[in-house]
Amino acid sequence: MNSDVEIAGDPLAVPHLLPPTPAHPGTVAGYAGVIRELAADRASWAPLVRYDPTLRWYHRLRTGPGYEVWLLSWLPGQGSGRHDHGRSFGVFGVLAGELTEHGSGARVLTPGTVRVFAPGYVHEVTNDGLEPVVSVHVYAPGLTEMPRHCSVGPAVTRHASA
């Protein structure tokens, strides 16, 4: 008796029968596309989200050649502290709720907002609202350090000569 493999051939030996290999993004626009895809597919991330009242919660969603994708949740009052991302650049977006990014000024980030930053960019991200927030962050290369910076506000800043 002939087996299916003997009749039809080995499906793994016929590349056109295999599902296409997903392309990995390699540009800022590609990473922003990953964020937009996730935003449009709430069912893929919403069941994973957890809220931790003591610390910001985070979960690595995926990795690819030279990048990582992280899902974060922020309860009211939680923030990142002032930091940069070492040698990594990043793209991040809000999936639910509103975050405030403090850099050279304050910017409110709503669902659908996507931000891009270069290596060494110093900022602080906080949930200044009353509702939980979910965001997604892509780092390339993958995040290996997050140096902290002083969170002194502009009204308190002093020049070295003072």
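**Some details on the pairing of strand S3 (residues 89-96)**
Okay, step 1: Counting buried positions along S3 gives 7 out of 8 residues, so the element sits mostly inside the fold.
Okay, step 2: Across 7 bridges, S3 lies against strand S8 (residues 133-140) in antiparallel orientation. If you follow valine 91 over to S8, its bridge partner there is valine 138.

**Section: unusual backbone geometry**
Okay, step 1: Note that the residue after alanine 140, namely proline 141, is joined by a cis bond; omega there is -10 degrees.
Okay, step 2: In this fold, proline 141 is placed in the segment after S8.

**With respect to the packing of aromatic side chains**
Okay, step 1: Summed over the entire model, instances satisfying the criterion amount to 6 aromatic pairs.
Okay, step 2: With a centroid separation of 5.8 Å and 55 degrees between ring planes, the pair formed by tyrosine 31 and phenylalanine 89 is classed as tilted. Here phenylalanine 89 lies in strand S3 and tyrosine 31 lies in helix H2 (residues 28-40), a separation of 58 residues in the sequence.
Okay, step 3: Centroid distance phenylalanine 92 to phenylalanine 117: 6.2 Å. Interplanar angle 55 degrees. Geometry classified as tilted. Here phenylalanine 117 lies in strand S6 (residues 114-117) and phenylalanine 92 lies in strand S3, a separation of 25 residues in the sequence. As far as the burial class goes, phenylalanine 92 and phenylalanine 117 line up, both buried.
Okay, step 4: The ring of tryptophan 74 has arginine 56 lying over it, and the distance from NZ or CZ to the ring centre is 4.7 Å.

**Concerning the pairing of S6**
Okay, step 1: Burial along S6 is one-sided: Arg115 and Phe117 are buried, and none of Val114 and Val116, which face the opposite way, are.
Okay, step 2: Across 4 bridges, the pairing between S3 and S6 is antiparallel. When the sheet's bridge partners are listed, phenylalanine 92 is paired in S6 with arginine 115.

**So, the sheet that holds S6**
Okay, step 1: Spatial ordering of the open sheet is given by S1-S2-S8-S3-S6, a layout of 5 strands whose pairing is antiparallel. In this open sheet, the two strands that pair with only one neighbour each are strand S1 (57-64) and S6. Along the sheet, successive strands turn relative to each other by an average axial angle of 20 degrees, direction set aside.
Okay, step 2: Along the sheet, H2 contacts S1, strand S2 (67-74), S3, S6 and S8; its crossing angle with S3, the most-contacted strand, is approximately 20 degrees.

**Topic: the sheet that holds strand S4 (residues 99-102)**
Okay, step 1: The 3 strands lie next to each other as S5-S4-S7, forming an open sheet whose pairing is antiparallel. Looking at which strands have only one partner, the edges of the open sheet turn out to be strand S5 (106-109) and strand S7 (124-126). Looking at each pair of strands side by side, their axes are set apart by 25 degrees on average, direction ignored.
Okay, step 2: When S4 meets S5, the two strands line up antiparallel, connected through 4 bridges. For glutamate 101, the partnering residue across the bridge sits in S5 and is arginine 107.

**Digging into the environment of alanine 32**
Okay, step 1: Structurally, alanine 32 can be placed in helix H2.
Okay, step 2: For alanine 32 and glycine 90, which are 58 residues apart along the polypeptide, the C-alpha to C-alpha distance reads 9.6 Å.
Okay, step 3: Non-local contacts of alanine 32, meaning those with residues more than four positions away in its chain, are made with Val91 and Val114.

**A closer look at the side chain of serine 80**
Okay, step 1: Looking at the secondary structure, you find serine 80 in the loop between S2 and S3.
Okay, step 2: There is a polar contact of 3.4 Å between the side chain of serine 80 and the side chain of histidine 83.
Okay, step 3: Not counting the four nearest positions on each side in its chain, serine 80 is found in contact with Arg56, Trp74, Glu124, Val125, Met146 and Arg148.

Reading guide: rules and limits
- Residues numbered from 1 in each chain as written.
- Predicted model: local features only at pLDDT ≥ 70, side-chain atom pairs only at ≥ 80, totals over all residues.
- Heavy atoms only, no water.
- Buried < 20%, exposed > 50% of the residue type's maximum accessible area, 1.4 Å probe, protein only.
- Helix = DSSP H or I, 4+ residues; strand = E, 2+ residues; numbered from the N terminus.
- Pairing = 2+ DSSP bridges.
- Phe/Tyr/Trp six-rings, centres within 6.5 Å; stacked < 30°, edge-to-face > 60°.
- Lys NZ or Arg CZ within 6 Å of the ring centre and 35° of its normal.
- Axes fitted to C-alpha atoms, helices over the stretch in contact; angles between N-to-C directions.
- Contact = heavy atoms within 4.5 Å.
- Polar contact = N/O pair within 3.5 Å; in protein donor to acceptor, adjacent residues only side chain to side chain.

All quantities given are derived from atomic positions and should not be read as evidence of function.
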